[in-house]
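Structural overview for review
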Amino acid sequence: MGAIIVADVGGTQMRVAAIPQDSIEPIKHKRAPTKSPDGTSFDRFTALINSVWPDETVEAISVAAPGPLDPETGAILSAPNIPEWINFPLGERLAERFRVPVFIGNDANLALLGEWRYGAGQGHHDLIYITISTGIGGGVISGDQLLLGHRGLATELGHVTVLPGGPLCPCGQRGHLEAISSGPAIARFVNEKLAEGQPSILKPDAELSAREVAKAARQGDALAKAAFTRAGEYLGQALADFLHIFNPSIVIFGGGVSRSGSLIFDPLKEALYKQVMDPDYVKDLVLTTAKLGDNAGLIGAQVQAELRLSSL
Ligand SMILES: [Zn+2]
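None of these values were measured; they are calculated from a predicted model.

Conventions adopted
Residues numbered from 1 in each chain as written. Predicted model: local features only at pLDDT ≥ 70, side-chain atom pairs only at ≥ 80, totals over all residues. Heavy atoms only, no water. Axes fitted to C-alpha atoms, helices over the stretch in contact; angles between N-to-C directions. Helix = DSSP H or I, 4+ residues; strand = E, 2+ residues; numbered from the N terminus. Parallel < 35°, antiparallel > 145°, perpendicular 65-115°, else oblique. Left-handed = near helix turned anticlockwise from the far one by under 90°. Contact = heavy atoms within 4.5 Å. Buried < 20%, exposed > 50% of the residue type's maximum accessible area, 1.4 Å probe, protein only. Pairing = 2+ DSSP bridges. Donors = N, O, S within 2.8 Å, 3.2 Å for Na, K, Ca; no water. Tetrahedral: all angles 85-135°; square planar, octahedral: opposite > 155°, others 65-115°. 1 Å grid on protein atoms, 1.4 Å probe; cavity = no way out; pocket = protein on both sides within 12 Å on 5 of 7 lines; lining within 4 Å. Points joined across faces, edges and corners; volume = space filled by probe spheres on them. Nonpolar A, V, L, I, M, F, W, Y, C, P; charged D, E, K, R; others polar. Core = buried A, V, L, I, M, F, W, Y, C linked by side-chain atoms within 4.5 Å.

Bringing the packing of helix H5 (residues 183–195) against helix H7 (residues 222–246) into the picture now. Two elements in contact, H5 and H7, have axes whose closest approach is 9 Å; the angle formed by their N-to-C orientations is 135°. Taken together, H5 and H7 sit at an angle that is classed as oblique. Viewed along their axes, H5 and H7 form a crossing whose handedness is right-handed. In this structure, H5 uses Ile186, Phe189, Val190, Lys193 and Leu194 to contact H7, whose residues at the interface are Leu223, Ala226, Ala227, Phe228, Arg230 and Ala231.

A few words on the pairing of strand S9 (residues 136–142). Remark: a regular strand shows side chains that alternate across the two faces of the sheet. By the criterion of burial, S9 is predominantly enclosed, with 6 of the 7 residues buried. Judged from the 6 bridges that link them, strand S8 (residues 127–132) and S9 form a sheet pairing that is antiparallel. By the bridge assignment, Tyr129 is partnered in S9 with Gly139. The hairpin formed by S8 and S9 contains 3 residues between the paired strands. In the sheet, S9 pairs with strand S10 (residues 145–146) via 2 bridges, with the strands oriented antiparallel. Looking across to S10, one finds that Ile141 is bridged to Leu146. The turn linking S9 back onto S10 is made up of 2 residues, and Gly143 within it adopts a positive phi angle of 55°.

The subject of this paragraph is the sheet that holds strand S3 (residues 28–33). If you walk across this open sheet you meet the 5 strands as S3-S2-S1-S4-S7, and the pairing is mixed. The two strands at the open ends of the sheet, each matched to only one other strand, are S3 and strand S7 (102–106). Shown here is a sheet whose adjacent strand axes are inclined to one another by a mean of 15°, direction ignored. By the bridge criterion, 6 bridges tie strand S2 (residues 13–20) to S3 in an arrangement that is antiparallel. Its bridge partner being in S3, Ala17 is matched across the sheet by His29. Docked against the sheet, helix H1 (residues 41–52) engages strand S1 (3–9), S2, S3 and strand S4 (58–65), running at close to 30° with respect to S2. Most of the contacts of helix H3 (residues 107–118) go to S7, to which it runs at about 100°, and overall it touches S4 and S7.

Let us look at the coordination of the zinc ion. Bound to the zinc ion on the protein side are His159 (ND1), Cys169 (SG), Cys171 (SG) and His176 (ND1), at distances that span 2.0 to 2.3 Å. Each of the 4 donor atoms around the zinc ion contributes to a set of angles spanning 101 to 120°, which defines the coordination as tetrahedral.

What follows covers the environment of Pro101. Turning to its location among the elements, Pro101 is positioned in the loop between helix H2 (90–98) and S7. Each C-alpha atom of the pair Pro101 and Leu48 lies 18 Å from the other, and the pair is 53 residues apart in sequence. When residues no more than four places from it in sequence are discounted, the contact partners of Pro101 are Glu59, Ala60, Ile61 and Leu312.

Take the layout of surface pockets next. Volume-wise, the second largest pocket comes out at about 420 Å³. Put simply, the parts of the chain that give the lining of the second largest pocket at least two residues each are S7, H3, S10 and helix H10 (296–310). In terms of residue count, the dominant contributor to the lining of the second largest pocket is H3 (4 residues). Class assignment for the residues of the lining of the second largest pocket results in 7 nonpolar, 8 polar and 5 charged.

What follows deals with unusual backbone geometry. With a phi angle near 60°, Thr155 is a residue other than glycine that sits in the positive phi range. Looking at the secondary structure, you find Thr155 in the loop between S10 and helix H4 (178–181). In this structure, Asn247 is a non-glycine residue whose phi angle is positive, near 45°. Tracing the sequence through the fold places Asn247 in the loop between H7 and strand S11 (250–254).

Moving on: the pairing of S1. With 7 of 7 residues buried, S1 is to be regarded as a mostly interior element. Residues Ala3, Ile5, Ala7 and Val9 line one face of S1 and the alternating positions Ile4, Val6 and Asp8 line the opposite face, and both faces are buried. Bridge count between S1 and S2: 7 bridges; the pairing is antiparallel. For Val6, the partnering residue across the bridge sits in S2 and is Ala17. The antiparallel pairing of S1 with S2 creates a hairpin that spans 3 residues between the two strands. For S1 and S4, the ladder comprises 6 bridges, and the chain directions are parallel. The residue bridging Ile5 from the neighbouring strand is Ile61, located in S4.

This part covers the nonpolar core. Counting residues in each nonpolar core, the largest one holds 45 residues, and the members touching the most others are Ile130, Val213, Leu239 and Leu243. Among the secondary structure elements, those contributing two or more residues to this core are S8, S9, H5, helix H6 (210–218), H7, S11, helix H8 (262–275) and helix H9 (280–283). The element that contributes the greatest number of residues to this core is H7, accounting for 12 residues. Non-local contacts of Val213, meaning those with residues more than four positions away in its chain, are made with Ile186, Ala187, Val190, Leu202, Leu208, Ala224, Ala227 and Phe228. One finds Leu48, Ala65, Ile82 and Ile104 within the second-largest nonpolar core, a separate group that totals 28 residues.

Pasting the structure below:
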């Protein structure tokens, strides 16, 4: 039995681990900043892989990467936080360098695979995963199959239009869910209302985070509460649509904003229950938060490797 090298490349840091093929316990685990003046992101990534390379035979390298990517060819189409990785053939370059099979998957899809096999989604066959942090990502498993679509670009659940003509989304379109309910969108809403003169214990601050807004909301601040209510209502509206399309038995929420509890989930549920076309969609539905935390990407990469090695 060999080992798998798993990696999770995020906007701020990249993590790499060597894991025995039948396990999710790493042998060696290292991390490094994604952006640094020393060399390219790819060079630092390959150095990190070398530093965890185990004595065992390596069966595959499996990578969770951000942004639209082609899981078939392993090409990153665009990575919002890694400007060097636009139309970057990451899979090919890694395969040339390390001479083992390389599998690349979207980080939200892989987090879903991890939660399905080892976390909150165990035992379910139809799942939706929504991660709410700097952006909003999504993944769907239907009948035990991860939905990828024609080019592997399916289930961008944060980029559905919930408010036509609404705030600008980082993807360049307007009114997407991510532009209203992500962490930065919650903070931006507060800053806009402060500029209009709404009273609050918060002060205008370009660096304001959703976590600080949540803290103010828990202290009873009306504007901070309203920001989470708005984000939750739009999430609930979008989720009603997702239930109509995918009819899952469980929805798993990941990402930092999902840790704000009832601030976001109370308005989310209220909007959801109001907008489903039939109560059967929510009758046995499990709404829960992710269990694997920061390791979801690495564990999901391990599941991706298992699935893809077994189909080679
Ligand atoms: Zn968008």
